[in-house]
Amino acid sequence: MHEKLKDRFADISQKIQAACHKAQRSEKDVQLIAVSKLQSIEVVKEAYILGINHFGENYAQELDKKVLATPKDIIWHFIGPIQSNKVKLIAKHAHWIHSLDREKIAKKLNDALEIEGRKIKVLIQVNIDQEKSKSGINTNDVIDFASNVDMNFPNLILKGLMFMPKINQSKKDKIDSMKNITSLQSTFVNKFPACNVLSLGTSNDFEESIRAGSTMIRIGESLLGKRS
Ligand SMILES: *Cc1c(COP(=O)(O)O)cnc(C)c1O
């Protein structure tokens, strides 16, 4: 067993527990996703043995390889940008998609899922800081896009929203981002009461994210180690 991984897992678990306690939230309401992109199959297996069974991947081919080589009860989250030529692989393997942000992709996924005879839980990725280069739809378009997904693509089960706030911002801007997210999330859940999942937080900001109401935190390097 990889001692370091075990130690990092214990450390992260303890921090999650403390953050939940501070926010007066139940730990059961915060799902840890180990982001395994660019990590080896061995690392996934070791983490699984420690009791981690939600993993996040960014690349469809890597997801395909890992699914085939790891235990069948792992829950796979696709969290990266979705290219249209990779939709079939994602439809085949993913249990969750966090990065839905285009109607064209929603349609292709829905069609591919029809062929697979599967359904996938989806989150809409929102570009909260309006960054030009960043994936995600604009805040103003969230409700319309969600209604569209909800009505027209029966194989996509809409569950909530995903955010990836800017990394290098000032403390004040970070707090503002988190406030904007909490506010958008609450408007969203009013409209779509069944869609209360909030995917927010990475190695850098998962404790603040738990305070802001995150229900899924996506942790890569601080849990699984440096990516190769
Ligand atoms: C890579 C990645 C993460 C994990 O980032 P770390 O800094 O390694 O914790 C989380 N979310 C998304 C969308 C990612 O691409």
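Relevant structure appears above.
On a predicted model such as this, the values are computed, not experimentally measured, just so you know.

Conventions used here
- Residues numbered from 1 in each chain as written.
- Predicted model: local features only at pLDDT ≥ 70, side-chain atom pairs only at ≥ 80, totals over all residues.
- Heavy atoms only, no water.
- Helix = DSSP H or I, 4+ residues; strand = E, 2+ residues; numbered from the N terminus.
- Rg over C-alpha atoms; globule rule 2.2 N^0.38 Å.
- Buried < 20%, exposed > 50% of the residue type's maximum accessible area, 1.4 Å probe, protein only.
- Contact = heavy atoms within 4.5 Å.
- Areas by Shrake-Rupley, 256 points an atom, 1.4 Å probe, with all protein chains shown as cover.
- Lys, Arg positive; Asp, Glu negative; His and termini not counted.
- Charge placed at Lys NZ, Arg CZ, Asp CG, Glu CD.
- Axes fitted to C-alpha atoms, helices over the stretch in contact; angles between N-to-C directions.
- Left-handed = near helix turned anticlockwise from the far one by under 90°.
- Nonpolar A, V, L, I, M, F, W, Y, C, P; charged D, E, K, R; others polar.
- Phe/Tyr/Trp six-rings, centres within 6.5 Å; stacked < 30°, edge-to-face > 60°.
- Expected span 1.5 Å × (residues − 1).
- Arc of directions from axis to C-beta.
- Near = heavy atom within 4 Å.
- Polar contact = N/O pair within 3.5 Å; in protein donor to acceptor, adjacent residues only side chain to side chain.
- 1 Å grid on protein atoms, 1.4 Å probe; cavity = no way out; pocket = protein on both sides within 12 Å on 5 of 7 lines; lining within 4 Å.
- Sits in = over half its atoms within 2 Å of the grid points.

Considering the overall build of the protein
Then step 1. A tally of helices and strands in the protein yields nine helices and eight strands.
Then step 2. The C-alpha radius of gyration of the protein comes to 17 Å, within 12% of the 17 Å expected for a compact globule of 228 residues.
Then step 3. Considering only C-alpha atoms, the protein reaches an extent of 50 × 45 × 30 Å along its principal axes.
Then step 4. In the protein, which comprises 228 residues, the proportion classed as buried is 49%.
Then step 5. Counting contacts in the protein only where the partners sit at least 6 residues apart, residues at least 24 apart contribute 60% of the total.
Then step 6. Surface summary for the protein: the accessible area is close to 11600 Å², and the carbon and sulfur share equals 50%.
Then step 7. Measuring between centres, the 35 positive side-chain charges of the protein sit 1 Å from its 27 negative side-chain charges.

Thoughts on the packing of helix α6 (residues 142–152) against helix α7 (residues 171–191)
Then step 1. With their axes 11 Å apart at the nearest point, α6 and α7 run at an angle of 35° to one another. α6 and α7 meet at a crossing whose hand is right-handed. Residues Val142, Ile143 and Ala146 of α6 form the contact with α7, whose own contacting residues are Leu184, Phe188 and Lys191.
Then step 2. Its residues placed into classes, the contact of α6 with α7 shows five nonpolar, no polar and one charged.

What to know about the packing of aromatic side chains
Then step 1. Summed over all chains, the structure comprises two aromatic pairs.
Then step 2. Aromatic pair Phe55 and Trp76: ring centres 5.7 Å apart, planes at 35°, arrangement tilted. Residue Phe55 is located in strand β2 (residues 54–57), and its partner Trp76 is located in strand β3 (residues 75–78); the two are separated by 21 residues in the primary sequence. For the pair shown, Phe55 and Trp76 are each scored as buried.

Details of helix α1 (residues 3–22)
At 3.6 residues per turn, the α-helix brings residues three or four places apart onto the same side.
Then step 1. Taking 1.5 Å of rise per residue, 20 residues should cover 28 Å, and α1 covers 29 Å from first to last C-alpha, within 8% of that figure.
Then step 2. Every buried residue of α1 is listed here: Leu5, Phe9, Ile12, Ile16, Ala19 and Cys20. Buried positions in α1, seen along its axis, are confined to an arc of 100° and lie on one side of it. Across α1 from its buried face, at more than 90 degrees, point the exposed residues Lys4, His21 and Lys22.
Then step 3. Residues of α1 that are buried sit in contact with β1 (31–35), α2 (41–49), α8 (206–211), β8 (216–219) and α9 (221–224).

Topic: unusual backbone geometry
Then step 1. The phi torsion at Gln24 lies on the positive side, around 55°, for a residue other than glycine.
Then step 2. With respect to the secondary-structure elements, Gln24 resides in the loop between α1 and β1.

Points about the site of the ligand
Then step 1. The environment of the ligand is formed by 13 residues, the closest being Lys37, Asn58, Ser203, Gly220 and Arg227.
Then step 2. A distance of 2.9 Å separates a nitrogen atom of the ligand from a polar side-chain atom of Arg218.
Then step 3. With respect to the ligand, the backbone of Gly220 contributes an N or O atom lying 2.8 Å from an oxygen atom.
Then step 4. Within the complex, 88% of the 390 Å² of free accessible area of the ligand lies under protein.
Then step 5. Spatially, the ligand is embedded in the largest pocket.
Then step 6. Of the residues assigned to the shell around the ligand, the class counts are five nonpolar, four polar and four charged.

Any functional reading would require information beyond the geometric quantities listed.
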